[in-house]
Amino acid sequence: MKTEIKKGKPEVNVKFFLRLFWETFTLSMSGFGGGFVIVSLMRKKMVAKLGWIDQDEMMDFVIIAQSAPGSASVNVAMMVGYHLARTPGALVATLGTVLPPMIIVSIISVIYTILQGNVWVDAAFLGMRPVVAAIVLQVSWKFFKPFLKVKAIPAILLFIISFVLLYILKVSMIALILVMLALSTTANLLDMRRRKKRMEEDI
Amino acid sequence: MMLYLQLFLSFFQIGLFSIGGGYVAMPLLQHQTVDLHGWLTQAQFIDLITIAEMVPGSMSINSATFIGIKIAGIPGAIVAIVGNILPSFIIMLILAKLYEHFSEQRIIRNVLTSVRPIVVAAILTAALILLEFAVGTFKQPNIFAIIVFLLAYTLLSSKRIPMGPVSVLGVGALVGVAKLGIVYLLEAGIVVI
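Fair warning: this is a prediction, and the values are worked out from it, not measured in the lab.

A.B. asks: Looking at this structure, I do not really get the overall build of chain B. What am I missing?
C.D. replies: The number of helices and strands found in chain B is eight helices and zero strands. Traced from its N-terminal end to its C-terminal end, chain B shows the element sequence α-α-α-α-α-α-α-α. For chain B, whose C-alpha radius of gyration is 20 Å, the value lies well above the compact-globule estimate of 16 Å for 193 residues. Counting only C-alpha atoms, chain B reaches 75 × 45 × 30 Å along its principal axes. By residue count, 52% of the 193 residues in chain B fall in the buried class. Counted over contacts in chain B with a minimum sequence separation of 6, partners at least 24 positions apart contribute 55%. Accessible surface, chain B as shown: approximately 8600 Å² in total, 71% of it carbon and sulfur. Looking at chain B, you have 9 positive and 7 negative side-chain charges, and the mean spots of the two groups are 8 Å apart.

A.B. asks: Help me understand the packing of aromatic side chains in this model?
C.D. replies: How two aromatic rings sit relative to each other is set out by the distance from centre to centre and by the angle between their planes. If you walk through the whole model with that rule in mind, you get 13 aromatic pairs over all chains. When the ring of Tyr112(A) is compared with that of Phe125(A), the centres are 5.6 Å apart and the planes differ by 75°; the resulting orientation is edge-to-face. One end of the pair, Tyr112(A), is in helix 4 (residues 72–115); the other, Phe125(A), is in helix 5 (residues 119–149), with 13 residues separating them in the sequence. The burial state of Tyr112(A) is the same as that of Phe125(A); both residues are buried. With a centroid separation of 6.2 Å and 45° between ring planes, the pair formed by Phe149(B) and Tyr153(B) is classed as tilted. Here the residue Phe149(B) and the residue Tyr153(B) both occupy positions in helix 7 (residues 143–157), the gap between them amounting to four residues, near one helical turn. The class for Phe149(B) is buried, based on a relative accessible area of 12%. For Tyr153(B), a relative accessible area of 23% gives the class partly exposed. Three or more aromatic residues link up through ring pairs in this structure, and these residues are Trp141(A), Phe144(A), Phe147(A) and Phe159(A).

A.B. asks: Which parts of the structure should I look at to understand helix 4 (residues 59–97) of chain B?
C.D. replies: Side chains three or four residues apart in an α-helix point the same way, a direct result of the helix having 3.6 residues per turn. Taking 1.5 Å as the rise per residue, helix 4 of chain B with 39 residues should run 57 Å; its terminal C-alpha atoms sit only 27 Å apart, a clear shortfall. Of all the bends in helix 4 of chain B, the largest measures some 140° and sits at Ala72(B), one to four residues before the proline Pro75(B).

A.B. asks: Help me understand the interface of chain B and chain A, please; the structure alone is not making it clear to me.
C.D. replies: With 90 residues of chain B in contact, the opposing surface of chain A contributes 81 residues. With both chains or domains summed, chain B and chain A bury close to 8100 Å², and 80% of this area falls on carbon and sulfur atoms. Among the residues of chain B in contact with chain A, Pro56(B), Met92(B) and Ile118(B) are the three that bury the most area, contributing 9% of the side total. Inspection of the chain B/chain A interface yields one salt bridge. Measuring nitrogen to oxygen at the nearest pair gives 3.9 Å for the salt bridge that ties Asp47(B) to Arg129(A). Across the chain B-chain A interface, the total number found is seven residue pairs in polar contact (both at pLDDT 80 or more).

A.B. asks: What should I look at first to understand empty space enclosed by the protein in this one?
C.D. replies: Empty space left among the atoms is revealed by rolling a probe the size of a water molecule over them. Applying the stated rule across the entire model yields four cavities of 30 Å³ or more. A volume near 50 Å³ is recorded for the largest cavity. Lining the largest cavity are Gly70(A), Ser71(A), Val74(A), Gly15(B), Ser18(B), Ser60(B), Ile61(B), Asn84(B), Ile85(B) and Ser88(B). Per-element tally for the lining of the largest cavity: the top contributor is helix 4 of chain B, with five residues. A breakdown of the residues in the lining of the largest cavity according to their chemical character gives three nonpolar, seven polar and no charged.

Cut-offs and rules
- Residues numbered from 1 in each chain as written.
- Chains lettered and ligands numbered in written order.
- Predicted model: local features only at pLDDT ≥ 70, side-chain atom pairs only at ≥ 80, totals over all residues.
- Heavy atoms only, no water.
- Helix = DSSP H or I, 4+ residues; strand = E, 2+ residues; numbered from the N terminus.
- Rg over C-alpha atoms; globule rule 2.2 N^0.38 Å.
- Buried < 20%, exposed > 50% of the residue type's maximum accessible area, 1.4 Å probe, protein only.
- Contact = heavy atoms within 4.5 Å.
- Areas by Shrake-Rupley, 256 points an atom, 1.4 Å probe, with all protein chains shown as cover.
- Lys, Arg positive; Asp, Glu negative; His and termini not counted.
- Charge placed at Lys NZ, Arg CZ, Asp CG, Glu CD.
- Phe/Tyr/Trp six-rings, centres within 6.5 Å; stacked < 30°, edge-to-face > 60°.
- Expected span 1.5 Å × (residues − 1).
- Bend = angle between axes of the 7 residues up to and from the residue.
- Buried area = accessible area lost by both parts, 1.4 Å probe.
- Salt bridge = Lys/Arg side-chain N within 4 Å of Asp/Glu carboxyl O.
- Polar contact = N/O pair within 3.5 Å; in protein donor to acceptor, adjacent residues only side chain to side chain.
- 1 Å grid on protein atoms, 1.4 Å probe; cavity = no way out; pocket = protein on both sides within 12 Å on 5 of 7 lines; lining within 4 Å.
- Points joined across faces, edges and corners; volume = space filled by probe spheres on them.
- Nonpolar A, V, L, I, M, F, W, Y, C, P; charged D, E, K, R; others polar.

So this is what it looks like as structure tokens:
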């Protein structure tokens, strides 16, 4: 019997949910190095291999997932799951994505507790501390670089002000985000109203 | 029961405000688990980030599991993870429903991306706190750690040597173990300088 891979949105049934779980589970399992690696692997699997989603939709999902709160990989899985099978699909895809790190970290945390206090293990962790600082510092540089590239002056200014507030004045990050969200929402709504008015005047 | 509620609320906040990816969770985690609740010491926190960096999965899910287990076992981990992904689940459902309503969706996305610079500043702040902890202050610098830090940063940003974070962490671990080995050998008088 020739089994042909059917491209396009699959039929939603129990078999599909098992498949969706399995695909997201194996994806998450192989995604060393965090969110963005998984996102690109997911694009390969869902678009090229399975053909469940087309390239443009996937691009949209990634953009939406990256702007929303939470980790990009879980968010993309939610979007894909929702797109394929509404809320149940989103739940299954989320579960598949979350389980592997949960299982692995559970095992590691047990090992960590047992080994804590062993001089050699402590020495290894001590050696890794400066490396972790370097990794996170490099991540913040990677995030900052796009602002410089497009010369986004307001963004750079906001970055500097936030840094002073957070690092030197120890202001809470949540408070800062809330203020910014409020300001930005107002600005965007005003902008939308202005645009609507202009369109009505044009007509 | 109180503890589960605290875990849930803490990770709900972390999930809700880590706008723009897993790394954004780090400064929030530091605040919630080290400063506010004292669930971890600064040393355990940096170990946690090390572990989260080494295994697959995002920073926030890995941390939620690790801290949840430490505080309240496997149920704790589940509570922390659910709390952590619930906010993004709700927001993603709204965004997915709005997928066809372009203008509303664009506004939500615009608003969410407007906090980007704050979030980057927060990651930098967290990085500097980690760095201070790892290499000491200006008054009491840890020369060994500074050298490891510079080596790691060079390896990470070098385009010629393709080394991911996990392998650079491996180098750090080896250097740490080697240093202890040398100290032991010197103490035992096997090696004399």
